[in-house]
Protein chains: 2
Amino acid sequence: MKCISESTEERIKEAAKNVFLEKGFDGTTTRDIAKAAGINSALMNYYFRSKEKLFQTIFDDMCGLMFEGMLELLNQPISLREKISKLMDHQFQMMMKNPNLTIFVMNELHRNPERLFATVGMAKQLTESKFDKEIENAIVQGTIPAIESHHILTMIIANIQFLFVSKPMTMLSRGLDEAGFKAFATRHMEYVKDMLCDYLFKPEHST
Amino acid sequence: MKCISESTEERIKEAAKNVFLEKGFDGTTTRDIAKAAGINSALMNYYFRSKEKLFQTIFDDMCGLMFEGMLELLNQPISLREKISKLMDHQFQMMMKNPNLTIFVMNELHRNPERLFATVGMAKQLTESKFDKEIENAIVQGTIPAIESHHILTMIIANIQFLFVSKPMTMLSRGLDEAGFKAFATRHMEYVKDMLCDYLFKPEHST
DNA sequence: TATAATTTTAATCAAGTGATTAAACATTTT
DNA sequence: AAAATGTTTAATCACTTGATTAAAATTATA
């Protein structure tokens, strides 16, 4: 075992992640992955049995990454307002680091919904968190309008993740480069945060 | 030529549309299309030269469908508030009829951005419409907060289309059937419309 | 009806696919 | 060092892929 490069298994996983994220399951060949990992193509089968099994490993990882940190945030003992703000910042940072995570997960799920094993539990946990109860309480107290937590979470996620789902179209149609897109997305985030907070914590509802 | 079934070319296009929308370019084989169209697989090449050319035809159609009617709405002589409301209703209806249109277009664009020929002009037109000037005017008059039209359009589109991009995940994680999803989406639309209108036409800005 | 043009078919091609094999190489254990 | 185990390789398999071909079937034209 060398200290410079990680284990072969990890190298394959890393390469597979990159290629799958870029080309999707159907667009990826096992030879693509082998080439990206710099290994003999038979090694992929040695470590992961099949392309499908390797993919499922990566897919589960990506689903995890998508909601990583979110659950902890939802259960933090901070105010609802701060929680939502932090939630959006966290999502945005995560998507900036993994711009094509959403399009990958959503597309593979569309192609083959049965693949969603590891995530279905994770997604359910989101609606069984402290956040969920805090929303209910806030509604009873009249702090926010009557709207289930799932709709609020959908608003948060949609307004952030769609930015990255439509990134190629935005860049092409508006002639932006990476820096231009980042500027656009960053500004958009401010608007979206304002919009959501205004909607939830509007004057007639607060205190 | 028969009156019952359309021309062979149209049958191929229709079949290709369905298969491509379901499986994407990489996941679709020419034999899939031939089978769906009930034709010999060589006919696809006779009419469209190649899988790539056929795909580009379908892809352009789908891009058009995505923004169909939107441009006309943007240029209608109605109030900004009504325009935005109608815009959202129109988008929602369109997505209900074509639930996997967005994931298809966005994914293929992600895979191969060069494919965006027909649409880039269309997307640009969106920001050169009457709507664009109306927004500018409304900002000057203080009717709405200072926010470029592209951000507003992004908000509208994101909040609607992401519902359908994430449809499989929503249905799976919340255990919804088609009817359940429709109910969820319809309700969500009401919230989103409220949120956006509240944000744009909030008290301190109106009249 | 005979001829030409168009449309459709079955058969086939070369290239690429996921996966397996048996042998080579490397490392650990005895 | 020798044997045993674990890792990597090149070669290859059976199959699918997009596309082409030449012939057949259909339709239009003269």
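The rules behind each value
- Along each chain, residue indices are assigned from 1 in the same order as the chain's sequence is written.
- For this description, chains carry letters from A and ligands carry numbers from 1, given in the order in which they are written.
- Totals for whole chains, interfaces and linings use all residues, but because this is a predicted model, local features are given only for residues with pLDDT of at least 70 and pairs of side-chain atoms are given and counted only at 80 or more.
- To get the side-chain values, all heavy atoms of the structure are used, and hydrogens and water are removed first.
- Contacts: residue pairs with any heavy atoms within 4.5 Å of one another.
- Buried area adds together the accessible area that both of two parts lose upon being put together, with accessible area traced by a 1.4 Å probe.
- When a carboxyl oxygen of Asp or Glu is within 4 Å of a side-chain nitrogen of Lys or Arg, the pair counts as a salt bridge.
- Pairing of N or O atoms within 3.5 Å defines a polar contact, subject to two protein rules: one partner must be a possible hydrogen donor and the other a possible acceptor, and residues neighboring in sequence count only if both atoms are side-chain atoms.
- Helical segments are the DSSP runs of H or I of at least four residues, strand segments are the runs of E of at least two, and each set is numbered from the N terminus.
- Ten residue types, Ala, Val, Leu, Ile, Met, Phe, Trp, Tyr, Cys and Pro, are classed as nonpolar, four, Asp, Glu, Lys and Arg, as charged, and the remainder, Gly among them, as polar.
- Two rings from Phe, Tyr or Trp (for Trp, the six-membered ring) form a pair when their centres sit within 6.5 Å of each other. Planes less than 30 degrees apart are called stacked, planes more than 60 degrees apart edge-to-face, and all others tilted.
- For every residue, the accessible area (1.4 Å probe, protein chains only) is compared with the maximum for its type, and the residue is labelled buried under 20%, exposed over 50%, or partly exposed between those bounds.
- One heavy atom within 4 Å of a molecule or strand is enough for the residue carrying it to be called near that molecule or strand.

Under an unreviewed UniProt entry, the name given to chain A is TetR/AcrR family transcriptional regulator, and the source organism is Larkinella knui.

Enquirer: Explain the interface of chain A and chain B to me, please; I cannot follow it from the model alone.
Expert: Many structure descriptions define interface size as the accessible area lost when the parts assemble. In this assembly, 54 residues from chain A lie in contact with 54 residues from chain B. Summed over both sides, the interface of chain A with chain B buries roughly 4700 Å², with 72% coming from carbon and sulfur. Counting across the chain A and chain B interface gives four salt bridges. Where chain A packs against chain B, one counts 18 residue pairs in polar contact (both at pLDDT 80 or more). Sorting the residues of the side of chain A that touches chain B by element identifies α1 (8-27), α7 (101-111), α8 (118-126), α10 (149-165), α11 (167-174) and α12 (178-200) of chain A as the ones contributing at least two each. For the side of chain A that touches chain B, the element with the highest residue contribution is α10(A), accounting for eleven residues. For the side of chain A that touches chain B, a count of residues per class yields 27 nonpolar, 16 polar and eleven charged.

Enquirer: Quick question: what am I supposed to make of the packing of aromatic side chains here?
Expert: When we look at a pair of aromatic rings, we describe it by the centre distance and by the angle of the planes. Residues and elements named next belong to chain A. All chains considered together, the criterion is met by 18 aromatic pairs over all chains. Centroid distance F55 to F59: 5.8 Å. Interplanar angle 20°. Geometry classified as stacked. You can see F55 and its partner F59 sitting in helix α4 (residues 51-67), four residues apart, about one turn around the helix. We classify F59 as buried; its relative accessible area is 0%. For the ring pair F55 and F104, a centre distance of 5.9 Å and an interplane angle of 65° mean the geometry is edge-to-face.

Enquirer: Would you mind showing me how to read the protein's contact with DNA strand D here?
Expert: Around DNA strand D sit 14 residues in total, of which Y47(A), T29(B), T30(B), R31(B) and K51(B) are the nearest. Here, DNA strand D places atoms within 4 Å of the protein, and 54% of those atoms are sugar or phosphate. Take N40(A): an N or O atom from its main chain is 3.1 Å from a phosphate oxygen of DNA strand D. Note that a phosphate oxygen of DNA strand D is positioned 3.1 Å from one of the side-chain N or O atoms of Y46(A). Of all the secondary structure elements, the ones that give two or more residues to the surface near DNA strand D are α3 (41-48) of chain A together with α2 (30-37) and α3 (41-48) of chain B. Considering each element in turn, the surface near DNA strand D owes the most residues, four residues, to α3(A).

Enquirer: Even after reading the chapter, I still don't get the protein's contact with DNA strand C, so can you show me in this structure?
Expert: Within the structure, DNA strand C sits among 14 residues, and T29(A), T30(A), R31(A), K51(A) and Y47(B) are positioned closest to it. A share of 56% is what sugar and phosphate atoms reach among the atoms of DNA strand C within 4 Å of the protein. Separating a base nitrogen of DNA strand C from a side-chain N or O atom of R31(A) is a distance of 2.9 Å. At a separation of 2.9 Å, a phosphate oxygen of DNA strand C approaches a polar backbone atom of K51(A). At the level of secondary structure, the elements contributing two or more residues to the surface near DNA strand C comprise α2 (30-37) and α3 of chain A together with α3 of chain B. Sorting elements by how many residues they give to the surface near DNA strand C places α3(B) first, with four residues. Its residues assigned to classes, the surface near DNA strand C comprises five nonpolar, seven polar and two charged.

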